[in-house]
Amino acid sequence: MPPEGQRRLSVSIAPAASSAVSSAVSSCVRWWLIAPILLIFVIVNQIDKSNVSVLIADAKFAADFGATGQHARLGFISSAFFYGYGISLMMWGFVVDRIGPRRSALIGVVGWVLTTVWCAWAGSLTEMYAARFALGLAEGGLWPVCNKYVGRWFAKSEHGRI
């Protein structure tokens, strides 16, 4: 109970104001949390797609795999990834719709980690092909996961910007 002569100040937020506050918080969260996470996700994905091109150009790498001068065999390392990636893009959309983007992203990232380790430990060119194909399968979830989050968190007018 306030002392005599003092009034208690009570503040109530009208429903419209409450909606505006909620909208402002949502806007802040989506641009300062969701957008950077999606950006990092995409950057890592892009680096992972193209990093093998550095290895292919390395003479020691080609010699270690017995593929010196066999440019087509070395180039297939990239092709194997993109075959897996292309196939999985069609499947991941259904997976994301079924189990949600959070679980799908978790499965995809765990797949990236495991297949990246597999690529590092590959002992033959054939094993590298298989590992890169599996990496493509795991990374194919990026696009549907990002699309689902953009659809949930951003207004249609912001889809091009995000």
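Residues numbered from 1 in each chain as written. Predicted model: local features only at pLDDT ≥ 70, side-chain atom pairs only at ≥ 80, totals over all residues. Heavy atoms only, no water.

(A) Molecular detail of helix α6 (residues 125–139). If you check α6, its first and last C-alpha atoms are 21 Å apart, about what 15 residues at 1.5 Å a residue would give, namely 21 Å. Considered for burial, the residues of α6 that qualify are L125, M128, Y129, A131, R132, A134, L135, G136, A138 and E139. (Helix = DSSP H or I, 4+ residues; strand = E, 2+ residues; numbered from the N terminus. Expected span 1.5 Å × (residues − 1). Buried < 20%, exposed > 50% of the residue type's maximum accessible area, 1.4 Å probe, protein only.)

(B) Seen up close, the pattern of salt bridges. Under the counting rule described, the total for this entry stands at three salt bridges. Between K148 and D97 there is a salt bridge; the shortest N-O distance is 2.8 Å. One end of the pair, K148, is in helix α7 (residues 142–153); the other, D97, is in helix α4 (residues 71–99), and 51 residues separate them in sequence. D97 sits in the exposed class, given a relative accessible area of 55%. (Salt bridge = Lys/Arg side-chain N within 4 Å of Asp/Glu carboxyl O.)

(C) Spotlight on α7. With twelve residues, α7 should cover 16 Å at 1.5 Å per step; its first-to-last C-alpha distance of 16 Å lies within 8% of that length. All buried positions along α7 are accounted for by L142, P144, V145, C146, Y149 and V150.

(D) Representation of the packing of aromatic side chains. Scanning the model with the defined rule gives seven aromatic pairs in all. Their ring planes at 55° and their centres at 6.0 Å tell us that F76 and Y83 sit as a pair that is tilted. Residue F76 is classed as partly exposed on the basis of its relative accessible area of 33%. Members of the aromatic cluster, connected to one another through ring pairs, are F76, Y83 and Y129. (Phe/Tyr/Trp six-rings, centres within 6.5 Å; stacked < 30°, edge-to-face > 60°.)

(E) Quick look at the side chain of D48. Relative to the elements of secondary structure, D48 occurs in helix α1 (residues 15–50). Here the side chain of D48 touches N51 through a polar contact of 3.4 Å, side chain to side chain. Residues in contact with D48, not counting those within four places in the same chain, are T116, R132, L135 and E139. (Polar contact = N/O pair within 3.5 Å; in protein donor to acceptor, adjacent residues only side chain to side chain. Contact = heavy atoms within 4.5 Å.)

(F) Structural detail: the packing of α4 against α6. At their nearest, the axes of α4 and α6 sit 6 Å apart, and the two run at 30° to each other. Considering the angle they form, α4 stands roughly parallel to α6. Handedness of the α4/α6 crossing: right-handed. Residues R73, F76, I77, A80, F81, Y83, G84, Y85, I87, S88, M91 and W92 of α4 form the contact with α6, whose own contacting residues are L125, M128, Y129, R132, F133, L135, G136, L137, A138 and E139. Its residues assigned to classes, the contact of α4 with α6 shows 16 nonpolar, three polar and three charged. (Axes fitted to C-alpha atoms, helices over the stretch in contact; angles between N-to-C directions. Parallel < 35°, antiparallel > 145°, perpendicular 65-115°, else oblique. Left-handed = near helix turned anticlockwise from the far one by under 90°. Nonpolar A, V, L, I, M, F, W, Y, C, P; charged D, E, K, R; others polar.)

(G) Up close: the nonpolar core. The biggest cluster of nonpolar side chains holds 18 residues, and the ones touching the most others in it are L38, F41, W112, L142, V145, C146 and F154. When contributions to this core are tallied by element, the ones reaching two or more residues are α1, α4, α5 (101–121), α6 and α7. Tallying contributions element by element places α7 first for this core, with five residues. Dropping the residues within four chain positions of it, C146 is found in contact with L38, F41 and V42. (Core = buried A, V, L, I, M, F, W, Y, C linked by side-chain atoms within 4.5 Å.)

(H) Spotlight on the packing of α5 against α6. Here α5 crosses α6 at 165°, and the two axes come no closer than 8 Å. Overall, the two elements α5 and α6 adopt an arrangement that is roughly antiparallel. Remark: the crossing between α5 and α6 carries left-handed chirality. In contact with G108, G111, W112, T115, T116, W118, C119 and W121 of α5, α6 contributes E127, M128, A130, A131, R132, A134, L135, A138 and E139. Residue composition of the contact of α5 with α6, by class: ten nonpolar, four polar and three charged.

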